[in-house]
Amino acid sequence: MLITEVNTHELFWKLDEPFQSSFSQFDGRHHLLVEIVCDDGTVGWGECLGPAGPNAAIVASMKGLLIGRNPMESDPIWLTLYNQFRDPGQRGLVAMALSGIDIALWDIKGKALDGPVHTLLGGAYREKVRAYATGGFRKLSGDRPAYIAAETANYVAQGFTGVKIKIGYGVQEDLETIKAVRQAIGPETTFMIDANHGYDALEAIALGNAAAEYDIEWFEEPVVPDDLNSYQEVKARQPIPVAGGETWYTRWGMRDVLTSRSVDILQPDVCGVGGLSEAKKIADMAEPFGTRLVPHVWGTAVAIAAGLHFIATLPPTPPRHEAREPWLEFDQTENPFRMAIVKQPFVLENGFVDVPDGPGLGIEIDRAALERFRP
């Protein structure tokens, strides 16, 4: 079996209503899938976190190093690609493009060996994963505490037992929204906040101390990812567990985070950190540090499938009879192609999402949908 084609598929949808994180505005959803075809007809699918156009260009530039390779040799392929692109970028676009390729290779391996990816990665500890709803972005107008409270209450009504909202717009405004959400979702729902690095350390410390009374599960990306010293300050000077990791890349990037104990919860994204191969290495690194691992997931059903397979392989740490289970981040913002591109969508049932058990990623792509959402 040899690789004969490497293709990319850009997907786009203009949003009916734009929304904002702390530093950016989403006017549309734009994602990139990677398709790898082998000489026996086997096809693997992956996804890249981040900007679709630039990712497509990097994947295309890696294509020559993939054609003719044995797709089963994912580790040698990974290191070849990383080493060839190490000088222009040890993180960011290079890691994101490499992630989509690596996931597609694992999909091929699973199909070739007739087993799910989680089995090839070492085996699953769980068949389903509890999901939390990601939403709570700021709209361009309206009463933010009121509309986010209503939005998150709706997630609870749908069966989610955890919700995450976006903050980072100003400490006082964010506290008003946090209070409104906790009142709306009740005391039993797990509640996370994500600043998308919208604060400096002093603001994040103030916010964390004031918001602690609302029983926050974690405080995600409080400060810019480049500044680990500020992460350590925030972690030390306020009581909410600090999380981060979606914008840190590869085992080398995560090494510094772990050795400096900059976070309580590490959040690698399989589609950005370097793929399933690298995510597994990072999970193994995190365990002896006692750092919790809850992956970041943002994208289409391909990203969700890859995330579910990875989460399924995470061991209970520490092992015990009533083990603490990891979460699946399940984006609920507007994205009509998120599930449309697969023939069997992922659904929430009693607060959980099933881990696919078919060969490879266990998904079947709807090519007509790829055409329908082509930019």
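Residues numbered from 1 in each chain as written. Predicted model: local features only at pLDDT ≥ 70, side-chain atom pairs only at ≥ 80, totals over all residues. Heavy atoms only, no water.

**Remarks on the overall build of the chain**
In terms of helices and strands, the chain carries 14 helices and 13 strands. On C-alpha atoms alone, the chain measures out to a radius of gyration of 20 Å, which is about the 21 Å that the 2.2 N^0.38 rule sets for 375 residues. Here the C-alpha coordinates of the chain stretch approximately 60 × 45 × 45 Å along the principal axes. The proportion of buried residues among the 375 residues of the chain is 57%. A sequence separation of at least 24 residues applies to 73% of the contacts in the chain between residues at least 6 apart. Accessible surface, the chain: about 14700 Å² in total, of which carbon and sulfur atoms supply 50%. In the chain, which carries 33 positive and 51 negative side-chain charges, the distance between the mean positions of the two groups comes to 2 Å. (Helix = DSSP H or I, 4+ residues; strand = E, 2+ residues; numbered from the N terminus. Rg over C-alpha atoms; globule rule 2.2 N^0.38 Å. Buried < 20%, exposed > 50% of the residue type's maximum accessible area, 1.4 Å probe, protein only. Contact = heavy atoms within 4.5 Å. Areas by Shrake-Rupley, 256 points an atom, 1.4 Å probe, with all protein chains shown as cover. Lys, Arg positive; Asp, Glu negative; His and termini not counted. Charge placed at Lys NZ, Arg CZ, Asp CG, Glu CD.)

**A look at the pattern of salt bridges**
A pair can form between side chains of opposite charge whenever their charged atoms are brought close. The final tally for this structure, using the stated rule, is 20 salt bridges. Notably, a salt bridge pairs arginine 367 with glutamate 35, separated by 2.5 Å at the nearest N-O pair. Remark: glutamate 35 occurs in strand E2 (residues 25-38) and arginine 367 occurs in helix H14 (residues 367-372); sequence separation between them is 332 residues. On the accessibility criterion, glutamate 35 (5% relative accessible area) is buried. Taking the shortest distance from any N to any O, the salt bridge between lysine 111 and aspartate 107 comes out at 3.2 Å. Placement of the pair is lysine 111 and aspartate 107 together in helix H3 (residues 93-113), with a separation of four residues, close to one helical turn. (Salt bridge = Lys/Arg side-chain N within 4 Å of Asp/Glu carboxyl O.)

**A closer look at helix H7 (residues 201-211)**
Listing the buried residues of H7 in full gives Ala201, Ala204, Ile205, Leu207, Gly208 and Ala211. For H7, the angular spread of buried residues about the axis comes to 165°, placing them on one side. Buried positions along H7 lie against helix H6 (171-185), strand E7 (190-194), strand E8 (219-220) and helix H8 (228-237). Between the side-chain oxygen at the start of H7 and the backbone nitrogen of leucine 202 there is a gap of 3.3 Å, and the oxygen is on aspartate 200. (Arc of directions from axis to C-beta. Polar contact = N/O pair within 3.5 Å; in protein donor to acceptor, adjacent residues only side chain to side chain.)

**Here we look at the sheet that holds E2**
Here we have four strands laid out as an open sheet, ordered E3-E2-E1-E5, and antiparallel in their pairing. Of all the strands in the sheet, just strand E3 (43-48) and strand E5 (138-139) have a single pairing partner and so form its edges. Relative to E2, strand E1 (residues 3-20) runs antiparallel, the two sharing 13 bridges. Pairing of glutamate 5 across the sheet is with valine 37, part of E2. Here H3 sits on the sheet and contacts E1, E2 and E3; the angle it forms with E3, its principal contact strand, is near 150°. (Pairing = 2+ DSSP bridges. Axes fitted to C-alpha atoms, helices over the stretch in contact; angles between N-to-C directions.)

**Some details on the nonpolar core**
One finds Ile178 and Phe346 to be the most contacted residues of the largest nonpolar core, which totals 88 residues. Ranked by residue count, the leading element in this core is helix H12 (residues 301-312), at 10 residues. (Core = buried A, V, L, I, M, F, W, Y, C linked by side-chain atoms within 4.5 Å.)

**Description of a negative patch on the surface**
Residues Glu127, Glu349, Asp354 and Asp357 make up a contiguous surface patch of negative charge. Exposure remark for aspartate 357: the relative accessible area of 67% places this residue in the exposed category. (Patch = residues over 30% accessible without salt bridge, like charges linked within 9 Å, V, L, I, M, F, W, Y side chains within 5 Å.)

**Structural notes on helix H9 (residues 250-259)**
Within H9, burial applies to Thr250, Met254, Val257 and Leu258. Seen along its axis, H9 keeps its buried residues to an arc of 95°; they face one direction. Considering only its buried residues, H9 is in contact with helix H2 (74-85), H3, H8, strand E10 (265-266), helix H10 (270-273) and helix H11 (275-289). Looking one or two residues beyond H9, the residue adopting positive phi is arginine 261, at roughly 50°.

**Let's talk about the pairing of E7**
The buried count for E7 comes to five of five residues, which makes it a mostly enclosed element. Two strands pair when backbone bridges link them, and strand E6 (residues 162-166) and E7 are joined in this way by five bridges, in the parallel orientation. Bridging from a neighbouring strand, valine 163 pairs with phenylalanine 191 of E7. Chirality of the crossover, the property in question, places the unit of E6, H6 and E7 among those that are right-handed. Sheet topology places E7 next to E8; two bridges connect them, and they run parallel. (Right-handed = clockwise from strand over helix to strand, strands pointing away.)

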